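# Structure at a glance
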Amino acid sequence: MKPSEIEIAIHRLLDGTLPPEAHPALQTALQNDPAALETYLDCVELDMMLSARVHSAAEEAPSQNPVEVTIRNQQRLALHVSLLAAAALFVLIGVILRLTSVPEKPSILTFRTSPDSVLTLDHSSTSPEVPAPGTLAVGSRVILQQGCLEFSFASGVRSIIKAPANLTLHSESRLHLAEGQAWFHVPKNAVGFQVATRELLVTDLGTEFAIVSNEDAGDEVHVLSGRVHAFNRNGLKQEETLSSGQARIADPAGRMKTIPIRPSGFLTFLPDSLPHLHWSFDGENPLQVEGTLPDFSAITTQAIQSDQRPESERLVVGKRGKALAFDGHGERVQTNWQGFEGRTPRTLACWIKMSPNDPQGWGSIAEWGVGQERENSYWRVRVVPREDRSSTRGILRLGYGMNWIDGETNVADGDWHHIAIVESEASDSLGFPLVRFFVDGKEEDLTYFPRTKAAAPIETRFGEHFSMGRPLPEDIGFRGSIDELFIFEGTLSPASIHRLMSNHEP
Amino acid sequence: MAFDPRSEPAREFVRLLTNHQGVLQSFIASMMPGHPDTADVLQETNLTLWEKIDDFEPGTNFQAWAFAIARFKVLDHLRKCRNSKLMLFSDEILERLSVAAAQRHPLLYDAKVRALNNCMTTLRPKDQELVQIRYHSPESLEQYAQRIGRPVASLYVTLTRLRAILRRCIQSRLQEEGGLA
C-alpha cells in the first residue's frame, strides 16, 4: 500500500467504514512499516483531539452551575476526570467514593458556586446516602480550588466561602473548616451553630462572623455583629466571648490574641465571577480599583509621572471610556497590593494599544513579586519584539525570572487588542505551569523557554507590589495605552474571557 | 490509601493523571479503533490508576505504568465483547503500538492540541461544520448528507481530505516552532 492509501484506510477504519476485506492489507502495513504505524498513531491522536475539541467547545457554553460532578455508574466507586478545556488540559476533577443507591432525603445543606469555580467533592465518609447534585450530606467534604461557594443550611445559616478552602460538614449545625476564608450569617433560630478549625471552635450566639483558617498561620475569628464564643483547642485552651467589632487570632500555645477586625475582608454575597480587581480608568477617580477581592477597598493606586503635568492628561480615549497612556520613559502606575503568592491560579486581562516597531514599548504591562533573575519569583506580563524577515512583531511574554513563555500574535500594530493570560495552579510533566494566552479572544500557540530542560520551580513571592507599566532594569518602559485591566484569583474559562472582552465586565 | 486529595502525593498524582489524559486516551483508542467504548475504558483505567496510587513510585515513568494498566484494561474489555463485529488488531500489532505510543510525550500532545486549534481556523466554514457533525453532532453523517443533498460517501472522502490537511498543518506548525516537534 502507498502511504496515501494507508492514510485513507486508517481514517476509514476509525470511521467504521473500512470493508473487512481491506483490513488484512492494513494490518500487514502496520506490522511491517514503522512509518505506517506512526501515521496510524497520528491519525488516532487527531481523531481524539478533534473529538475533545468540539466537545470542550460545547461544554464551555455558559451554564448556571459549571461545577457539577457526573456520576457515570451508580453501582460502584467512580472517578470522573473531565477535560473542560482539552487544549490546555485545564481540568475539573470530581471524585465520588462509595456510592450506593438509596432514596433521597431532604438535604440539610444546598450549595451554589460562582462562575469558573473548581471544586472536588468527596462523599466517602457519608452514610450510605447519595447527596443530590448541589447538596451535601453529613460527612461530605469539599475542596474548593478556585472561586466561591455559597452554603445555605436548612436551618437558615448562610455562608460564603472563598478558595482555597477545604471543609467538611460534620452535622447540620457544625462545619469543619480545615482551610479557607468563610463568612457566616446565623439567624436566631439557629443559634449554637459551630465552626471548627484546627485551632478554634467558634460557637455562634446570634451573629454574623467570619473565620480565616490557615495552614501556615494562626486561625482567626472576626465578629461583624452580635456575639460568638471562641475556644482555642490547643495548649492553654483559652476561651472568650467576643462581641461585634472584635477579632482574635489563635496562637499555638492556646492563647487568643487581639487583632484588628477586617470588616471588608470577607465576601458576604456570592459574586458573579471569580474574585477580582478592576482598574477601568473611568469615572471621577479614574485610578480607583473596584472588584470583589477581599479588602480591595484598602488598595491605593498612584500614577507616577515622568513630568509635572497633571495625571488627567494621561487619560486618553480608551476601548471603553478612558484609558491610561504610558510614555515609556518612567511613567507607571504603582499600587500597594502585594499580588498573588506562590502558585495561586490567576488571570490577567486588559486592552492594550501599542505602536508598531516601538523599542520604547517593550516594558512591563503588569508585574509584581521578587525581581530575581536566578529564580522564578516574579510574574511579569510584557510585550517583546520578535524579528521576522521583514518586520518586527510585538508578542506577549509571561516572565517568571529564569523561565518565560511567549505568544505569537503581533499586538503592537497601533490597534486595540484584548489580551488575557491564564495560569493554572497545576504543572505539566516538566514543571511548567499550565498557561494559556488569549489575544482578541483567540487562544495563542505558546513557546516555552527554556524548553530543553525541566523548568526551575515557579513560585511567585511577595516583594514589589503590583504595578503597571513599570520600567525594566534596562530602563525600557511601556509606551502605549492600557484599559479595563482585570486580575482574577483563578483561571478564567475561554467563554468568560469572551464575555469580558465583549462586555468589559466579568 | 486513606483518601486525602489535598495531600501532596495525591495532588502530584492528579497532576500526572491530568497531564496524561490526552496520550492515554489516544493510546486506548489506537488499540480499539472505531470502538464506541473508548471513553469507558479510559474511565476504568483512571479508576484503576487511582486505586493503585500507592503502587506508583513518584519520579518513575508514569506514562509507562499507566499504559501498561490501560493495555490490560483494553484487552480485558475486548475479551468481554468478543462478538463485536469491529475489526481488531493482532497481538503483534498491539505490541508494536504499545512501544510506539510510549515514545509520545504528553507535552507534544499539548503542543499538537494548540496547533490544531489554529489549523481549524484555516478550514472553510462548511468544512468546519462537517468536522463538527462528524465528531459531536447528534445528527449522523448520513442524516447530514441527506439534509444537504450529498452522497454520504463523498462526505467521508472530504473528511479524509480535511484530516490529512489538519495533520500536515499540525506537523508544519510544530516544525515552525522547533523544539518539541
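Residues numbered from 1 in each chain as written. Chains lettered and ligands numbered in written order. Predicted model: local features only at pLDDT ≥ 70, side-chain atom pairs only at ≥ 80, totals over all residues. Heavy atoms only, no water.

Below, the discussion takes up the overall build of chain A. The helix and strand tally for chain A stands at 4 helices and 32 strands. A buried classification covers 57% of the 506 residues belonging to chain A. Of the contacts formed within chain A by residues at least 6 apart in sequence, a portion of 59% connects residues at least 24 apart. Here chain A displays about 20,100 Å² of accessible surface, and carbon together with sulfur accounts for 50% of that area. (Helix = DSSP H or I, 4+ residues; strand = E, 2+ residues; numbered from the N terminus. Buried < 20%, exposed > 50% of the residue type's maximum accessible area, 1.4 Å probe, protein only. Contact = heavy atoms within 4.5 Å. Areas by Shrake-Rupley, 256 points an atom, 1.4 Å probe, with all protein chains shown as cover.)

This paragraph deals with a negative patch on the surface. Residues and elements named next belong to chain A. A cluster of like negative charges, contributed by Glu 215, Asp 216, Glu 341 and Glu 459, occupies part of the molecular surface. If you trace the backbone, Glu 215 turns up in the loop between strand E11 (200-213) and strand E12 (220-232). Overall, the relative accessible area of 52% leaves Glu 215 in the exposed class. (Patch = residues over 30% accessible without salt bridge, like charges linked within 9 Å, V, L, I, M, F, W, Y side chains within 5 Å. Salt bridge = Lys/Arg side-chain N within 4 Å of Asp/Glu carboxyl O. Lys, Arg positive; Asp, Glu negative; His and termini not counted. Charge placed at Lys NZ, Arg CZ, Asp CG, Glu CD.)

To continue, consider the packing of aromatic side chains. Per the stated rule, a full pass over the model turns up 18 aromatic pairs over all chains. A centroid spacing of 5.4 Å and a plane angle of 85° characterise the contact between Tyr40(A) and Phe89(B), whose relative ring orientation is edge-to-face. Taken together, the residues span two chains, with Tyr40(A) in helix H3 (residues 34-59) and Phe89(B) in the loop between helix H4 (62-80) and helix H5 (91-102). Cluster of aromatic residues (ring-pair linked, three or more members): Trp279(A), Trp337(A), Phe340(A), Trp368(A), Trp379(A) and Phe466(A). Over the ring of Phe266(A) we find Arg262(A); its NZ or CZ atom is 5.2 Å from the centre of that ring. The ring of Trp351(A) has Lys319(A) lying over it, and the distance from NZ or CZ to the ring centre is 4.7 Å. (Phe/Tyr/Trp six-rings, centres within 6.5 Å; stacked < 30°, edge-to-face > 60°. Lys NZ or Arg CZ within 6 Å of the ring centre and 35° of its normal.)

All names here are of chain A. Summarising the element assignment, Gln 146 is placed in strand E6 (residues 141-146). With a relative accessible area of 5%, Gln 146 lands in the buried category. A polar contact is formed between the side chain of Gln 146 and the backbone nitrogen of Thr 491, at a distance of 2.6 Å. Discounting chain neighbours no more than four positions away, the residues touching Gln 146 are Asp 116, Ser 117, Val 118, Ala 163, Leu 274, Pro 345, Gly 490 and Thr 491. (Polar contact = N/O pair within 3.5 Å; in protein donor to acceptor, adjacent residues only side chain to side chain.)

Take the state of the cysteines next. Residues and elements named next belong to chain B. What the rule picks out here adds up to 1 disulfide over all chains. At a sulfur-sulfur separation of 2.0 Å, the disulfide partner of Cys 119 is Cys 169. Here the S-S torsion is close to -90°, and the disulfide linking Cys 119 with Cys 169 is therefore left-handed. With Cys 119 in helix H6 (residues 106-121) and Cys 169 in helix H9 (residues 152-177), this pair connects stretches of sequence that are 50 residues apart. Given the relative accessible area of 0%, Cys 119 is considered buried. Assessed through its relative accessible area of 17%, Cys 169 is described here as buried. (Disulfide = S-S within 2.5 Å.)

This part is about the pairing of E6(A). Each regular strand displays side chains that alternate between the two surfaces of the sheet. Residues and elements named next belong to chain A. Burial analysis of E6 places 5 of its 6 residues in the buried class, which makes it a mostly covered element. By the bridge criterion, 4 bridges tie E6 to strand E8 (residues 158-171) in an arrangement that is antiparallel. In the sheet register, Val 142 faces E8, and the bridge partner there is Leu 167. (Pairing = 2+ DSSP bridges.)

Let's shift gears to unusual backbone geometry. Residue and element names in this part refer to chain A. Following Ala 163, the chain continues to Pro 164 via a peptide bond in cis, the omega torsion being -5°. Relative to the elements of secondary structure, Pro 164 occurs in strand E8. In the Ramachandran plot, Phe 281 falls in the positive-phi region, its phi being about 65° despite a non-glycine side chain. In this fold, Phe 281 is placed in the loop between strand E16 (276-279) and strand E17 (289-291).

Remember that the coordinates give geometry; whether it matters functionally is a separate question.
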